[in-house]
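Structure at a glance
In case you want the letters, here they are:
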Amino acid sequence: MCGIFGYIGKKTTAAQIVLEGLKSLEYRGYDSWGVATIPIIMKPFDSAQGEQFSNSAIAVKKQVGKIGNASVNDLPEGNLAFGHTRWATHGGVTERNAHPHLDCSHTIAVVHNGIIENYQEIKNKLIIKGHLFLSETDSEVATHLIEEYVKTRSFSDAVRTAFNDCTGLNALIVTSLKDQKIIAVRNGSPLAVGFGDGENLVASDATALLPFTRTVHFLEDDEMALLTKNTITINNVKTGNEIVVKKVRLNWIVDQTQLGSFPHFMLKEIHEQPRVLESIASQSVATIQKNADTIKDAAHSYLLGCGSASYVAIAGAYLFSKIAGKHINWAIGSEFGYQLDFLNSRSVIIPVSQSGETMDILESVKKAKLKQARIVALVNVFGSTLYRVADHKILIAAGPEKAVASTKAVTAMLAHLTLLAYALAGKTKAGQDVVKRAIESTNQLLVQKSIVQFKKLARQLKNTRHLFVIGRGLSYPASLETALKIKEIAYIHAEGMAAGELKHGPLALVEKGTPCIAFLPNDETYGANLAGAMEMKARGAKILGISHTPHEIFDEYIEVKDAEEATIIPNIVVAQLLAYYLTLERDLDPDKPRNLAKSVTVK
Ligand code: F6R
């Protein structure tokens, strides 16, 4: 949450570089943005422009709204700049609350990601000392606290002391006109520093560093990086001691982070799924077996996830039971911390996360580690916090995902869990075949004829106020995922549920014309699911059947070719396409839904 990008180096277009970096990070937060730069030239005063930058103050530009076509041509040239795209926590979405925040003398600038839990207490003390606050944010507190400390100590010591005074999980980027360095420090929120040639960088997501460098260091908790044009030194923020770090070389492909010919990242990522699934299915049997061995002997194991990944966790519980006869429980990331008292060194926790930065997951993992549980992470982002804290890492390898709504990472997670379940059953090859059938089935949904059908359905459903999605077994998590996708990007209230639950209450909401999406795959749930759909139909619901075969009760029908246990994969692709085209019909932006952001790094 919140995108951060900073540059210090040989180029004098630092603000421009930062703006481009922020644009590539916008999926992390897009209610407002801002850039700060240290000017190297004095701009002549232009009363028509109304703004004058001098080199006795840090120049800042902030705006409410998406960064899309923004420009910083009105900022002065400089060799140092940083900026922020905001996802509001404390304080409404206003220009004043946008970052960077300046101190009273406009010579210290700060951007912040996280929540300073004791901000009010610190703010009260600073107000008594005469500091003037311009925003309602917790973040501005850090700026004035550093201003206070710098009166009696060096800039880096002031940042260090201020950071240690702040409670909560935070990342700060700071500069001062006097020192002309960037300091980046974290405890919880992700940050990576990039080692360039005569230039150094920092960003909240390492993909943003790729145009400049592939040599990075992912800051660990309590690490503080001091960036100059030619050096990056890392210190422990608690002790001040220098730390020698091992740099990491990224082999990521820049193209994967670009939109290419697609109108939206979501559509691009939906279409990338067959290729991603193909590479997962083609892993060597030995690799899949080695991963499965890490959970084989656990006394108790838990799959953990949030949002879509929590539905993957539910699906995992069904897959392991059905295919391998193994009991693996599941929990929502934010809840697991309250139910893990029984964990011990024979427990295995399997957190499932695209970003590897979801705070609700990281917090539960931290608690599980304290109980000596082993962490086997299924994670997409190499180098993410989850990746680093895990005892065993299984890289999802879906490639960078930029649309806020997760698509290819979800189906890739499902493919991995299917393979693991088959491997535990000693039938890895059969697992690979099943995933390949899911790819064939997915391909059929992505052809033009099928897309025309999704567009037509979207036109029919676009004015719906609420709808139901039902399924049993593996189609239960598919129903939850379908409802979530429709809610989060098309803003239509959708309720996903186990079909058996209908008659226990929700059926009361069904009336003439209520749309109901029913999953009826070719498995043991078919008959019972059909019964659920009929109960709906008898009360006037319009049934959109998603099945391998048509049925007379369907008002509309989407064919999904049977892929045995992996049919959940194409079923979820149906959900993605339906939600995407519904969103377009409703004139909304599928990549940047309101109130949300990618990578949920706050609790
Ligand atoms: C929904 C969605 C979210 C994420 C959730 C977990 O489309 O994208 O519900 O699935 O925030 O994120 P990760 O997988 O990064 O832990």
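Residues numbered from 1 in each chain as written. Predicted model: local features only at pLDDT ≥ 70, side-chain atom pairs only at ≥ 80, totals over all residues. Heavy atoms only, no water.

Side note on the pairing of strand 17 (residues 329-332)
On a regular strand, one side chain projects to one face of the sheet and the next to the other, so that they alternate. Pairing between strand 16 (residues 300-305) and strand 17: four bridges, direction parallel. Opposite L304, over in strand 17, you have A331 as the bridge partner. As for the winding sense of the linkage, the β-α-β connection from strand 16 through helix 8 (residues 308-324) to strand 17 is right-handed. (Pairing = 2+ DSSP bridges. Helix = DSSP H or I, 4+ residues; strand = E, 2+ residues; numbered from the N terminus. Right-handed = clockwise from strand over helix to strand, strands pointing away.)

Side note on the packing of helix 3 (residues 139-149) against helix 4 (residues 155-165)
Two elements in contact, helix 3 and helix 4, have axes separated by 8 Å at closest approach and are oriented at 130 degrees. Between helix 3 and helix 4, the angle falls in the class oblique. In terms of crossing hand, the pair formed by helix 3 and helix 4 is right-handed. Between helix 3, through L145, I146 and Y149, and helix 4, the contact on the second element is made entirely by F155, A158, V159, T161, A162 and D165. Among the residues making up the contact of helix 3 with helix 4, the classes are represented as seven nonpolar, one polar and one charged. (Axes fitted to C-alpha atoms, helices over the stretch in contact; angles between N-to-C directions. Parallel < 35°, antiparallel > 145°, perpendicular 65-115°, else oblique. Left-handed = near helix turned anticlockwise from the far one by under 90°. Contact = heavy atoms within 4.5 Å. Nonpolar A, V, L, I, M, F, W, Y, C, P; charged D, E, K, R; others polar.)

Points about the site of the ligand
Neighbouring the ligand are 15 residues; S353, Q354, T358, K485 and E488 lie closest to it. The backbone of S308 places a nitrogen or oxygen atom 3.1 Å from an oxygen atom of the ligand. A distance of 3.3 Å is found between an oxygen atom of the ligand and a backbone nitrogen or oxygen belonging to V404. In the complex, the protein chains occlude 88% of the 410 Å² of accessible area that the ligand would expose alone. For the shell around the ligand, the element with the highest residue contribution is helix 15 (residues 475-490), accounting for three residues. Its residues assigned to classes, the shell around the ligand shows six nonpolar, seven polar and two charged. Taken together, domain 2 (260-445) and domain 3 (447-590) each give at least three residues to the shell around the ligand, which thus spans both. (Near = heavy atom within 4 Å. Polar contact = N/O pair within 3.5 Å; in protein donor to acceptor, adjacent residues only side chain to side chain. Areas by Shrake-Rupley, 256 points an atom, 1.4 Å probe, with all protein chains shown as cover. Domains from an automatic or database assignment.)

Thoughts on the packing of helix 6 (residues 273-281) against helix 13 (residues 428-445)
With their axes 9 Å apart at the nearest point, helix 6 and helix 13 run at an angle of 170 degrees to one another. Taken together, helix 6 and helix 13 sit at an angle that is classed as roughly antiparallel. Here P274, L277, E278 and A281 of helix 6 come into contact with helix 13, specifically with Q432, V435, K436, I439, T442 and N443. Along the lines of polarity and charge, the residues of the contact of helix 6 with helix 13 split into five nonpolar, three polar and two charged.

Some words on the domain arrangement of the protein chain
Taken domain by domain, the protein chain consists of domain 1 (3-180 + 203-213), domain 2 (260-445) and domain 3 (447-590). Of note, the centres of domain 1 and domain 3, computed from C-alpha atoms alone, are 45 Å apart.

Side note on the nonpolar core
Core analysis: the largest hydrophobic core is formed by 83 residues, its most contacted members being I558 and L577. If you tally residues by element for this core, the top one is helix 12 (residues 408-424), at twelve residues. Every residue in contact with I558, bar those within four places of it in the chain, is listed here: L445, Q453, F454, L457, L544, G545, I546, S547 and V574. Residues V35, I67, A203 and A206 belong to the second largest nonpolar core, which totals 29 residues. (Core = buried A, V, L, I, M, F, W, Y, C linked by side-chain atoms within 4.5 Å. Buried < 20%, exposed > 50% of the residue type's maximum accessible area, 1.4 Å probe, protein only.)

Let's talk about the sheet that holds strand 24 (residues 542-547)
If you walk across this open sheet you meet the five strands as 22-21-23-24-25, and the pairing is parallel. Both edges of this open sheet fall to strand 22 (493-498) and strand 25 (556-559), since each of them pairs with a single strand only. Strand-to-strand twist of the sheet, defined as the mean angle between neighbouring strand axes without regard to direction, takes the value 15 degrees. When strand 21 (residues 466-471) meets strand 23 (residues 515-520), the two strands line up parallel, connected through three bridges. When the sheet's bridge partners are listed, F468 is paired in strand 23 with C516.

Quick word on the packing of aromatic side chains
Here the structure, examined in full by the defined rule, presents eight aromatic pairs. Ring geometry for Y7 versus F212: centroids 6.3 Å apart, planes at 50 degrees, classification tilted. With Y7 in strand 1 (residues 3-9) and F212 in the loop between strand 10 (199-203) and strand 11 (215-218), this pair connects stretches of sequence that are 205 residues apart. Judged by its relative accessible area of 0%, Y7 falls in the buried class. Every member of this aromatic cluster is reached through a ring pair, and the members are F5, Y7 and F212. Over the ring of Y387 we find K393, and its NZ or CZ is 4.9 Å from the ring centre. The cationic tip of R594 hangs over the ring face of Y491; the distance from NZ or CZ to the ring centre is 3.9 Å. (Phe/Tyr/Trp six-rings, centres within 6.5 Å; stacked < 30°, edge-to-face > 60°. Lys NZ or Arg CZ within 6 Å of the ring centre and 35° of its normal.)

Here's the deal with the UniProt feature "domain: SIS" (unreviewed entry) in the protein chain
Here, the residues flagged by UniProt with the feature "domain: SIS" (unreviewed entry) are residues 291-430 and 457-593. In residues 291-430, the share of helix is 46% and the share of strand is 19%. The end C-alpha atoms are 16 Å apart. In residues 457-593, the share of helix is 38% and the share of strand is 20%. The end C-alpha atoms are 21 Å apart. (UniProt positions renumbered as here; feature names shortened; annotations may be inferred.)

Some points on helix 10 (residues 359-370)
In this model, helix 10 (twelve residues) spans 17 Å end to end at C-alpha, consistent with the 16 Å of a helix rising 1.5 Å per residue. Each element contacted by the buried residues of helix 10 is listed here: strand 16, helix 9 (333-336), strand 18 (347-353), strand 19 (374-379) and helix 11 (385-389). Looking one or two residues past helix 10, Q372 carries a phi angle of roughly 70 degrees, positive in sign. (Expected span 1.5 Å × (residues − 1).)

Regarding the environment of H327
Within the secondary structure, H327 is located in the loop between helix 8 and strand 17. The exposure class assigned to H327 is exposed, which follows from its relative accessible area of 62%. Measuring from C-alpha to C-alpha, the distance between H327 and S32 comes to 46 Å, with 295 residues separating the pair along the chain.

Quick notes on the sheet that holds strand 6 (residues 108-114)
If you trace the seven strands from one edge of the open sheet to the other, you get 5-6-7-8-12-13-14, paired in antiparallel fashion. Lying at the two open borders of the sheet, with one neighbouring strand each, are strand 5 (101-102) and strand 14 (242-243). Sitting on the sheet, helix 3 touches strand 5, strand 6 and strand 7 (170-176), and the angle it makes with strand 6 is about 140 degrees. Lying on the sheet, helix 4 is in contact with strand 7, strand 8 (182-187), strand 12 (223-227) and strand 13 (232-236); it crosses strand 8 at an angle near 20 degrees.

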